[in-house]
Amino acid sequence: MYLWNKTVCVLKLNLICKFKISRRIPVCTGCVRLWMTATDLVRGCLIGAVNLKSSNQNPVVREFESVELSCIITDSQTNDPRIEWKKIQDDQTTYVFFDNKIQGHLAGRAELLGKTSLKILNVTRSDTASYRCEVVARNDHKEIDEIVIDLTVQVKPVAPVCRVPKAVPVGKSATLHCQENEGYPRPHYRWYRNDIPLPTDSKANPRFRNSSFVLNPETGTLVFNAVHKEDSGQYYCFATNEAGSAHCEGQEMEVYDLNIAGIIGGVLVVLAVLVLITLGICCAYRRGYFINNKQNGESYKNPGKPDGVNYIRTDDEGDFRHKSSFVI
């Protein structure tokens, strides 16, 4: 590193560095007499400015692994610069490393590597964010520099939720669903029938010429325009991304023939039963089973009684006799 007189040499460097130097020339006369090449002069122009670089500004790591966020000081005259790391997520900025210690949710599972790089242990999906490395070098002409690292944490999918119709008549449409919401990046889907992978379009594969289906690998839907007997079988779905894959349990789908003759026969039997029930009800009504005869010989309604006369019916008489005389 070259030593410069701060009052003279910095100003001279700013002027000299504006020209293209193609030969060896003396610079900073009166300060330090050095012969420099053009490359040396360019390096000299950076002296007094802190500069950062990273070996990987877009690291990608799987969940529960470790990752290093690289931040390297390339130029600085300050022996002990101030280091800060900040996390930027959802338009919010929080401290990760401040006042020479790990802060926030990374406390206990992160550490500083060397002077400036940050190592995160056992990363989780919530660690996906932008991290800014900031360095303040008080003894440099340009005191502050920063660099942003974009961290992506990949998450393996869990077993997807699959919905398969149990029975579908021949010629009818059917839709099978497969969905997974935990994996990152978003997984792609693939369906299997009897352990045989299905293409995205049955028309593209001669093996499935007797089928008529379309598979959407982005949404996981498998749509049959019209099912055939050959479409019967056990179906299951795989959800796959860069971190791994998972599948649901197999489910049976039966494709059956629609028995038109049987359906017509069943309808006729039901109609015949209804007709018989109706005839039975009509016959019973005509024979009087539904008429309520109140006077059936066992009930008797007493006639009205005039004032002053009591009527008593005896067991061995069929009519009435008076108990007291009539009052005329």
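Residues numbered from 1 in each chain as written. Predicted model: local features only at pLDDT ≥ 70, side-chain atom pairs only at ≥ 80, totals over all residues. Heavy atoms only, no water.

**Some remarks on the sheet that holds strand β13 (residues 144-154)**
Within the open sheet, the six strands sit side by side as β4-β13-β12-β7-β8-β9. Their pairing is mixed. Unpaired on one side and paired on the other, β4 (60-62) and β9 (101-102) mark the two borders of the sheet. The pairing of strand β7 (residues 82-89) with strand β8 (residues 92-98) spans five bridges and is classified as antiparallel. For Ile 88, the partnering residue across the bridge sits in β8 and is Thr 93. (Pairing = 2+ DSSP bridges. Helix = DSSP H or I, 4+ residues; strand = E, 2+ residues; numbered from the N terminus.)

**Quick look at the environment of Lys 86**
Residue position: Lys 86 is located in strand β7. Residue classification places Lys 86 among the buried residues on the basis of a relative accessible area of 14%. Put simply, Lys 86 and Arg 132 are 46 residues apart on the chain and 5.1 Å apart in space, counted from C-alpha to C-alpha. Those residues in contact with Lys 86 that lie beyond four places of it in its chain are Thr 93, Thr 94, Tyr 95, Val 96, Ser 130, Tyr 131, Arg 132 and Glu 134. A polar atom in the side chain of Lys 86 sits 3.4 Å from the side chain of Glu 134. (Buried < 20%, exposed > 50% of the residue type's maximum accessible area, 1.4 Å probe, protein only. Contact = heavy atoms within 4.5 Å. Polar contact = N/O pair within 3.5 Å; in protein donor to acceptor, adjacent residues only side chain to side chain.)

**Notes on the pattern of salt bridges**
Inspection of every chain in the model, using the stated rule, returns ten salt bridges. The partner of Lys 86 in a salt bridge is Glu 134, with the nearest N and O atoms 3.4 Å apart. A residue pair is termed long-range when its members are at least 10 positions apart, and Lys 86 in strand β7 and Glu 134 in strand β12 (residues 129-136) qualify at 48 residues. Each member of the pair Lys 86 and Glu 134 is classed as buried. (Salt bridge = Lys/Arg side-chain N within 4 Å of Asp/Glu carboxyl O.)

**Side note on the nonpolar core**
Looking at soluble globular proteins, one finds that nonpolar side chains tend to be buried together. Of all hydrophobic cores here, the largest spans 25 residues; its most connected members are Leu 69, Trp 85, Leu 118, Ile 120, Tyr 131 and Leu 151. When residues of this core are traced back to their parent elements, those giving at least two are β5 (67-69), β7, β8, β11 (117-120), β12 and β13. Listed in part, the 23 residues of the second largest apolar core include Trp 191, Leu 215, Val 227 and Val 255. (Core = buried A, V, L, I, M, F, W, Y, C linked by side-chain atoms within 4.5 Å.)

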